[in-house]
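Inside the fold
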Amino acid sequence: MEHILMELPYKLDALAPHISEETLRYHHGKHHAGYVNKLNTLIKDTEYEEMSLEQIIHQSDGAIFNNAAQTFNHDFYWKCLSPTKTEPSELFLKALEEAFGSLKTFQEAFTQAAIGQFGSGWAWLVIDEHEKLFIQATSNAHTPIEHHLTPLLVCDVWEHAYYIDYRNERAKYLDNFWPLVNWEHVSKIFENKEYLKLSTTVPFCNDPDNPICEYLDDMSRQGTTST
Ligand code: MN3
């Protein structure tokens, strides 16, 4: 199974001025592509060759884990962004308010987690099996799906995500991350979290009558393809 670089769901210049075309060109075309290519090289003729990304993440370590997890994390990151303004759904907003007080206090706490992550990593909003929403920062390639948590939102805080546009000023990048958040995508995952929980153990749900299955299968297909 060869893993394929996911196509961006928007044009390279669509996120400007918040994230420039040059950043997207490097971040997607060089960094993300680099992880996918490296992964394909590393898994060739190994036990990981026929596994889905999620399976590799759960079963590998070292360079194979790093490149598989970075492939997953970037696929997820691009889908969390949108050039058009979106709003959280009522149901999701209510859950955010219950967990964090308000959308604003959630954003402040998430921003602090993103800025506070020492070195390279990711800031996430995740939901656990008890339906508890929380913010988590992970270092390097680490990802909540290692621990069977369902990610809802992510911000890439590796310097390559913001250095071209904001140099070392991660806080400025965070200010410019919020207007791009695809709340519709985040809300859609939240409202269908039962299926997503399953997806961390069953990568393909294959139910043609279920729209969320279709969506998950699309996500999987965009990351991988059978040869
Ligand atoms: Mn990155």
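What you see is a predicted model, and the numbers here were worked out from it, not measured in a lab.

Of regular secondary structure, the protein possesses 10 helices and five strands. Within the protein, buried positions represent 35% of all 227 residues. Contacts in the protein between residues far apart in sequence, at least 24 positions, make up 63% of those at least 6 positions apart.

Bringing the confidence of the model for the protein into the picture now. Per-residue confidence for the protein gives a mean pLDDT of 90, with 85% of residues at or over 70. Taken as a whole, residues 200-208 scores under 50 in pLDDT and shows 18 contacts with residues more than four places along the chain or in a different chain.

Quick look at the pairing of strand β2 (residues 121-127) now. Judged by how many residues are buried, β2 sits mostly within the fold: seven of seven residues are covered. Residues of β2 alternate between two faces, with Gly121, Ala123, Leu125 and Ile127 on one and Trp122, Trp124 and Val126 on the opposite face, all of them buried. Note: β2 against strand β3 (residues 133-139), seven bridges, orientation antiparallel. When the bridges of β3 are listed, Val126 appears paired with Phe134. Sheet topology places β2 next to strand β4 (residues 150-156); six bridges connect them, and they run antiparallel. Looking across to β4, one finds that Val126 is bridged to Pro151.

Taking 1.5 Å of rise per residue, 18 residues should cover 26 Å, and helix α3 (residues 62-79) covers 26 Å from first to last C-alpha, within 8% of that figure. Across the 18 residues of α3, 14 count as buried, placing the element largely inside the fold.

A few words on helix α7 (residues 170-177). The complete set of buried residues in α7 reads Arg170, Tyr173, Leu174 and Phe177. For α7, the buried positions fall inside an angular range of 100° around the axis, keeping them on one side.

With 49 residues, the main nonpolar core has Ile57, Ala68, Ala123, Leu152, Val154 and Cys155 as its most contacted residues. Element by element, the count of residues in this core is highest for α3, at seven residues. Ignoring anything within four residues of it in the chain, the contact list for Cys155 reads Ala114, Trp122, Ala123, Leu174 and Phe177.

What follows is about the packing of helix α4 (residues 90-100) against helix α8 (residues 183-191). Where α4 meets α8, the axes come as close as 9 Å, and the angle between the chain directions of the two elements is 80°. Judged on the interaxial angle alone, α8 and α4 are roughly perpendicular. Only Val186, Ser187, Phe190 and Glu191 of α8 make contact with α4, whose side of the interface consists of Leu91, Phe92 and Ala95.

Here we come to unusual backbone geometry. Cis rather than trans, the peptide bond between Ala16 and Pro17 has omega equal to 5°. Residue placement: Pro17 occurs in the loop between β1 (2-3) and α1 (21-43). The phi torsion at Glu131 lies on the positive side, around 65°, for a residue other than glycine. Along the chain, Glu131 falls in the loop between β2 and β3. A positive phi angle is found at Asn140, which is not glycine, with a value near 50°. Here Asn140 shows up in the loop between β3 and β4.

Spatially, the three strands line up as an open sheet ordered β3-β2-β4, and their pairing is antiparallel. Each edge of the open sheet is held by one strand with a lone partner, namely β3 and β4. Averaged over neighbouring strand pairs, the angle between their axes works out to 25° when direction is ignored.

This part takes up the environment of Phe100. Locating Phe100 in the fold gives a position in helix α4. Once residues lying within four places of it in the same chain are set aside, the contact partners of Phe100 are Thr105, Phe106 and Ala109.

So, how was this worked out
Residues numbered from 1 in each chain as written. Predicted model: local features only at pLDDT ≥ 70, side-chain atom pairs only at ≥ 80, totals over all residues. Helix = DSSP H or I, 4+ residues; strand = E, 2+ residues; numbered from the N terminus. Buried ≥ 20, exposed ≤ 12 C-beta atoms within 10 Å, placed from the backbone. Contact = placed C-beta atoms within 7 Å. pLDDT = per-residue confidence, 0-100. Pairing = 2+ DSSP bridges. Expected span 1.5 Å × (residues − 1). Arc of directions from axis to C-beta. Core = buried A, V, L, I, M, F, W, Y, C linked by C-beta atoms within 7 Å. Axes fitted to C-alpha atoms, helices over the stretch in contact; angles between N-to-C directions. Parallel < 35°, antiparallel > 145°, perpendicular 65-115°, else oblique.

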